[in-house]
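Single-letter residue listing:
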Amino acid sequence: MDSACLNYALDLTAGGGLTLTCEQRAALQTSLLVIKVNYKFSRVLFWGKILGLKNDYFIAQGVAADEMKAKKILYSLNCTEWHLLPPVTAPLLAYASTLNGRFTGDPSFEYEHMETRQQGEMEITADSKVKVNEEQRVAAVVLTIDREASVVPRGAFTRTPDGAVQTNRSFEGLSWSEAIKLSNYYHFTEPQAVKKTRLLDMTRLDPSLDYLDSLTEDIPKGSWSLQLEKGSSVVVLRSLFWLGLTFFHVPTTPQHGYIYMGDGLKNIDLPFML
């Protein structure tokens with residue numbers, strides 16, 4: 001969610017039960033403005049909070065002219081001092097997905113993993129160990145959640161002919177009839193495949209708007225909860241895979257955003273719960 005409307009957005013997403021204290025909100029409003037100036041970001045987003053045993057990780061994202069690419073991710077333990085998270089590689093993503101324990105809240109904490117290799121039907125343990133600190137794990141989890149659960153309403157962002165993704169200044173929000181349909185909400189990440197469902201409805205096909213993956217294409221079906229809250233004045237989406245991911249949109253206005261507040265663990269049992 002945009003740090004410029006932090007308090008307003010937090011109030012709309014507080015239905016999940018987790019929010020920030022008044023002291024944390026005040027500290028964020030100041031410190032996020034400072035990192036915007038220091039890093040020369042065009043916008044700063046407050047991404048959310050990953051709960052740890054000792055400390056919680058507060059996450060912010062800095063975006064440049066292209067809203068989708070070259071994002072910088074920062075974390076803080078006190079909402080005041082911010083540090084850049086390291087870049088995420090494919091091996092780090094794969095390893096982080098195997099970790100199931102809670103975050104400790106210590107960025108220097110190291111996870112050790114004994115490498116294994118397959119030889120025929122036998123699994124042989126190699127001598128080398130892979131060490132990953134918690135700072136790297138946080139970076140991998142934030143990127144994974146963004147890829148799997150970041151949400152924007154249709155039309156909020158537009159893709160220019162040169163491929164850059166920018167805020168759509170003419171976006172005035174979804175109508176009420178559109179806002180209650182899951183098909184009008186997209187993942188704000190690079191599309192994973194060509195979608196057949198869009199090709200079936202040629203009347204709505206717009207290359208500048210319909211370039212993202214729709215939530216209706218997520219597997220399994222039913223992994224998103226859509227509700228009307230605040231006296232049916234706000235549409236709220238919650239991910240059932242990443243419990244704590246909450247998206248809001250106020251229909252007929254450009255107000256929208258999402259926040260994650262959870263333990264950073266994926267609900268892998270969801271297919272058996274539906």
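Our structure is the block above this text.
Residues numbered from 1 in each chain as written. Predicted model: local features only at pLDDT ≥ 70, side-chain atom pairs only at ≥ 80, totals over all residues. Heavy atoms only, no water.

Draft legend 1. Structural context of a nonpolar patch on the surface. The grouping of W176, I180 and L228 at the surface amounts to a nonpolar patch, some 280 Å² of accessible area in total. For L228, the position within the fold is in strand β11 (residues 224-229). L228 gets classed as partly exposed once you look at its relative accessible area, which sits at 39%. (Patch = residues over 30% accessible without salt bridge, like charges linked within 9 Å, V, L, I, M, F, W, Y side chains within 5 Å. Areas by Shrake-Rupley, 256 points an atom, 1.4 Å probe, with all protein chains shown as cover. Salt bridge = Lys/Arg side-chain N within 4 Å of Asp/Glu carboxyl O. Helix = DSSP H or I, 4+ residues; strand = E, 2+ residues; numbered from the N terminus. Buried < 20%, exposed > 50% of the residue type's maximum accessible area, 1.4 Å probe, protein only.)

Draft legend 2. Structural view of the layout of surface pockets. Taken as a whole, the largest pocket holds about 520 Å³ of empty space. The wall of the largest pocket is formed by 20 residues, among which M68, A70, K71, I73 and L143 lie closest to the centre. Of all elements in the fold, only β3 (72-76) and α4 (134-149) reach the threshold of two or more residues within the lining of the largest pocket. If you tally residues by element for the lining of the largest pocket, the top one is α4, at four residues. Tallied by class, the residues present in the lining of the largest pocket amount to 11 nonpolar, three polar and six charged. Volume-wise, the second largest pocket comes out at about 450 Å³. Along its surface, the second largest pocket is lined by 22 residues, and D2, R43, F157, P254 and H256 are the ones closest to its centre. Among the secondary structure elements, those contributing two or more residues to the lining of the second largest pocket are β1 (43-50), β7 (151-153) and β14 (256-262). (1 Å grid on protein atoms, 1.4 Å probe; cavity = no way out; pocket = protein on both sides within 12 Å on 5 of 7 lines; lining within 4 Å. Points joined across faces, edges and corners; volume = space filled by probe spheres on them. Nonpolar A, V, L, I, M, F, W, Y, C, P; charged D, E, K, R; others polar.)

Draft legend 3. Structural detail: helix α2 (residues 22-39). In this model α2 runs 26 Å from its N-terminal to its C-terminal C-alpha over 18 residues, within 8% of the 26 Å that 1.5 Å per residue would give. Every buried residue belonging to α2 is among R25, L28, S31, L32 and I35, and all of these are buried. Where the residues of α2 are buried, they touch α1 (6-12), β1, β2 (57-63) and β3. Trailing α2 by a residue or two, K40 shows a phi angle of about 60 degrees, which is positive. (Expected span 1.5 Å × (residues − 1). Contact = heavy atoms within 4.5 Å.)

Draft legend 4. Summary view of the sheet that holds β14. With respect to topology, eight strands assemble into an open sheet ordered β4-β3-β2-β1-β14-β13-β12-β11, the strand pairing being mixed. Only two strands of the sheet have a single partner each, and these edge strands are β4 (83-84) and β11. Here β1 pairs with β14 via three bridges, running parallel. Bridge pairing in β14 links G48 to Y260. With respect to the sheet, α2 is in contact with β1, β2, β3 and β4, its orientation differing from that of β1 by roughly 135 degrees. (Pairing = 2+ DSSP bridges. Axes fitted to C-alpha atoms, helices over the stretch in contact; angles between N-to-C directions.)

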